[in-house]
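The residues making up each chain are set out below.
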Amino acid sequence: MGGMPNRWRTRIVLRFCIKSGFAKLNSSAEGASAPASQLSFLSLLTLSLVNGSDPVSAALPDLTIWSGSVNPQVTYRTFASSDCEVVEGCATPGTRRLINFTSEIRNVGSADLVLGRPEGNPLFVWAPCHGHYHFEGVAEYRLLDDSGNVVVFGRKMAFCIEDTYRWRATASAAKRYSCGGTQGLQQGWADVYDAAVPCQWVDITGLPGGNYVLELVIDPDNRILEDSESNNITRVPVSFPSDCLAPANDVFVNARVVTGVSGTAAGPNVCATKEAGEPNHAGNAGGHSIWYRWTAPLSGSVVIATVGSDFDTLLGVYTGSTVGSLTLVTANDDIVPEVTLQSHVTFKATAGTTYHVAVDGWNGAVGNTILTVNPPLNDAFADCQAISSLAGQVTGHNVGATKQTGETAHAGNIGGHSVWYCWTAPTNALMTFDTVGSSFDTLLALYTGSSVGALTLITSNDDTDGDQSRVTFGAIRGTNYRIAVDGFAGSTGTITLSWAVASRIAIRRLGTNVVELTVQGAPGEYQLHRTTSLTNWSTLATFTLSGGEYRYTNQISSAQHIYYRAARMR
């Protein structure tokens, strides 16, 4: 075949490992499996068709973990034997000391990584605990000592491989691969697993403090044919102390202050203790309480929650000036007993009253606490806030909001605090949605779909109007659209979401001296203006739009330069 440069050539790479009971086959097109009775080894075949005389010159994907996003942090978690992380083999029951980090998997190659749909694909395994497919063994995590010896070993089971955000400016702007469809990773795109995702850690329980190296390996079994295998290992230095240090708000008098009508605070309860005279919160002995203090700026109903915390929390709200003389206002263990293990309370607050809030762990559990005063009610996709009509505006916030498992990066940024709205188009119309007036750098995305992990992107935007976002799209009557608002790089604040029929004016010549003007816009009263100088405008008509369009016929002189505008009056 060496003398046939213009013919297709076949490159086959075979890798074997003994594994009794089944076989797997993967090619550029389909995966296939053979009955256990026929084969007693695992054979993974990678097949690529190369156009040209040199098979190595074919365009291929190339995966690497970007070191700039790793950001290792020491955390503590209490795992139950029934937790998914324990069932899947990346955690041990009990309280563990971990190094959490983010894995940003970038495709730096010259072609997309295409894995196909997971159903029936031997590269994926069904994870009954999470209820979806995992790409098996996408990465390995190791901790090395000063001599380069592996002292801790971990293995990552990916939820899925999908386009999370575009890191290369010249890459395709549209997301192509997703958990709910064909999985893969475009060239110039990244799949991000942030530190809060299960199994994004190595377990350092019992390891002495000191200086180490965190080693992250993408595609450790070399099951993906890449441009290069030389960049599959990323190393990041990490150091940690031997001793466990109590958090500053361990004691009542050092309670962390939360301010505002809506506010949030995060921190660990690891190494925290209970004080003499401290009550059992939500009826459980706990053992690792931390304290917050919030003064109500207004009177009215207040919600305080620990949603987003990564352990089984206890929550108590009190008034009083010392830990031994507290009056209970309200308390909660589980939002849904033995199902939703975080806590949630609602009570009537009095303006000017200071409330002391204790967060502890059920039966001594520890982890990272997220405490939110008045969290957004539309945090979850299923709890989207319904909006209606062809024009409107709502206000809210994303303070204390979280991202759900399987939720994509909106407008190409990982964000971290998304809230959801749902809107059904009452008619066919060119629509504009924007976040102008919001107090932070927003991300805005519109989708169709019935679940957070199976959405079809319609349009998205990061910055169009300063730090705020705006999208315009053709809405289809009767279609339900899901609108996500998030904060760039995790920013939070107040949200103003506005929507209206996109305003536009079109001109069509009907004759030598006659033009027809067509105006579309949000419902309201308008004036149509005309000028020949761009300084002095005359009013041609006043009219009202209610979802349709307005047409006006105007006589002109062929020698004139005429300009038109439509102005919304109210």
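Residues numbered from 1 in each chain as written. Predicted model: local features only at pLDDT ≥ 70, side-chain atom pairs only at ≥ 80, totals over all residues. Heavy atoms only, no water.

Draft legend 1. Structural context of the pairing of strand β15 (residues 189-193). β15 sits mainly inside the fold: five of its five residues count as buried. Residues W189, D191 and Y193 of β15 are buried on one face, and the alternating residues A190 and V192, pointing to the opposite face, are buried as well. With four bridges connecting them, strand β8 (residues 103-107) and β15 associate as antiparallel partners. Bridged to I105 within β15 is D191. Where strand β13 (residues 165-166) meets β15, two bridges bridge the pair, whose relative direction is antiparallel. Along β15, the bridge assignment pairs R166 with W189. (Buried < 20%, exposed > 50% of the residue type's maximum accessible area, 1.4 Å probe, protein only. Helix = DSSP H or I, 4+ residues; strand = E, 2+ residues; numbered from the N terminus. Pairing = 2+ DSSP bridges.)

Draft legend 2. Spatial organisation of the environment of V270. As for its placement among the helices and strands, V270 is situated in the loop between β20 (263-268) and β21 (290-295). Here V270 falls in the buried class, since its relative accessible area comes to 7%. Remark: the alpha-carbon pair of V270 and N368, spanning 98 residues in sequence, is separated by 8.0 Å. In contact with V270, not counting residues within four places along its chain, are Y76, C244, L245, A246, P247, V366 and G367. (Contact = heavy atoms within 4.5 Å.)

Draft legend 3. Geometry of empty space enclosed by the protein. Scanning the model with the defined rule gives one cavity of 30 Å³ or more in all. In this structure, the largest cavity encloses a volume near 40 Å³. Among the residues forming the lining of the largest cavity, the class breakdown is nine nonpolar, no polar and no charged. (1 Å grid on protein atoms, 1.4 Å probe; cavity = no way out; pocket = protein on both sides within 12 Å on 5 of 7 lines; lining within 4 Å. Points joined across faces, edges and corners; volume = space filled by probe spheres on them. Nonpolar A, V, L, I, M, F, W, Y, C, P; charged D, E, K, R; others polar.)

Draft legend 4. Spatial organisation of the pattern of salt bridges. Scanning the model with the defined rule gives eleven salt bridges in all. A salt bridge links E85 to R77; the shortest N-O distance between them is 3.6 Å. Residue E85 shares its accessibility class with R77, and that shared class is buried. Where E162 meets K175, a salt bridge forms, and the shortest distance between an N and an O atom there is 3.3 Å. Linking E162 in the loop between β12 (150-158) and β13 with K175 in the loop between β13 and β14 (183-185), this pair joins segments that are 13 residues apart in sequence. Judged by relative accessible area, E162 falls into the buried class, the value being 6%. The network of salt bridges with shared partners includes E140, R142, E215 and R235. (Salt bridge = Lys/Arg side-chain N within 4 Å of Asp/Glu carboxyl O.)

Draft legend 5. Quick peek at the sheet that holds strand β39 (residues 524-531). Reading across from one edge, β40-β39-β42 is the order of the three strands in this open sheet, with antiparallel pairing throughout. In the strand order of this sheet, the two ends are held by β40 (538-545) and β42 (563-568), each with one partner. For this sheet the average axis-to-axis angle between neighbouring strands, irrespective of direction, equals 20 degrees. Relative to β40, β39 runs antiparallel, the two being bridged by seven bridges. From the neighbouring strand, G524 faces β40, where its bridge partner is L545. (Axes fitted to C-alpha atoms, helices over the stretch in contact; angles between N-to-C directions.)

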